[in-house]
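If you want the building blocks of each chain, they are given just below.
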Amino acid sequence: MDGCGSLLDADVRLWSPGAPVGHGRSEVIGLQRDMAGPFARHETRRIFAAGDVIAVAGRLVRRTGERSGAESGTADTGRETDAVEFADFFTVSEEGMLLTQHRYYFVSPG
């Protein structure tokens, strides 16, 4: 996570469902760490770029608990997993740093 922080503009802003708006490099890094949790990984599926906008589509995968048996888990972590599709939209500053991030999750509207 800290390596990614070097790509953030000093005035970066983060908008993500269920979290306060993050402003500034250290606050955004902290929010991203809190949102992911200690047992999460992002699987990037596609990256699109046009001008100063980058879009990333993928899955956020989290370990949710101990396996109850060999049939329950799908990951090799020994735990059951929960996954949700996401899309991130970034804008890039004139200096090439990430200036804004908007995150969206795919969930059923019902």
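The rules we used
Residues numbered from 1 in each chain as written. Predicted model: local features only at pLDDT ≥ 70, side-chain atom pairs only at ≥ 80, totals over all residues. Heavy atoms only, no water. Core = buried A, V, L, I, M, F, W, Y, C linked by side-chain atoms within 4.5 Å. Buried < 20%, exposed > 50% of the residue type's maximum accessible area, 1.4 Å probe, protein only. Helix = DSSP H or I, 4+ residues; strand = E, 2+ residues; numbered from the N terminus. Polar contact = N/O pair within 3.5 Å; in protein donor to acceptor, adjacent residues only side chain to side chain. Contact = heavy atoms within 4.5 Å. Pairing = 2+ DSSP bridges.

For the rest of this paragraph, the subject is the nonpolar core. Ranked by size, the top nonpolar core spans 12 residues in total: Leu8, Val12, Leu14, Val28, Ile29, Leu31, Val56, Leu60, Val84, Phe86, Phe90 and Leu98. Sorting the residues of this core by element identifies β1 (8-15), α2 (25-36), β4 (53-66) and β5 (79-92) as the ones contributing at least two each.

Relative to the elements of secondary structure, Thr100 occurs in strand β6 (residues 98-105). Here the side chain of Thr100 touches Thr91 through a polar contact of 2.5 Å, side chain to side chain. Those residues in contact with Thr100 that lie beyond four places of it in its chain are Val12, Arg13, Trp15, Phe89, Phe90 and Thr91.

In this section: the side chain of Ser16. Relative to the helices and strands, Ser16 is located in the loop between β1 and β2 (22-23). Those residues in contact with Ser16 that sit more than four places away from it in its chain are Met35, Arg103 and Tyr105.

This part is about the pairing of β1. Bridge count for β1 against β6 is four bridges, and the pairing is parallel. Across the sheet, Trp15 pairs through a bridge with His102, a residue of β6. Note: β1 against β2, two bridges, orientation antiparallel. Across the sheet, residue Arg13 finds its bridge partner in β2, namely His23. The antiparallel pairing of β1 with β2 creates a hairpin that spans six residues between the two strands, and Gly18 there sits at a positive phi of about 75°.

Shape is all these values report; function is a separate question.
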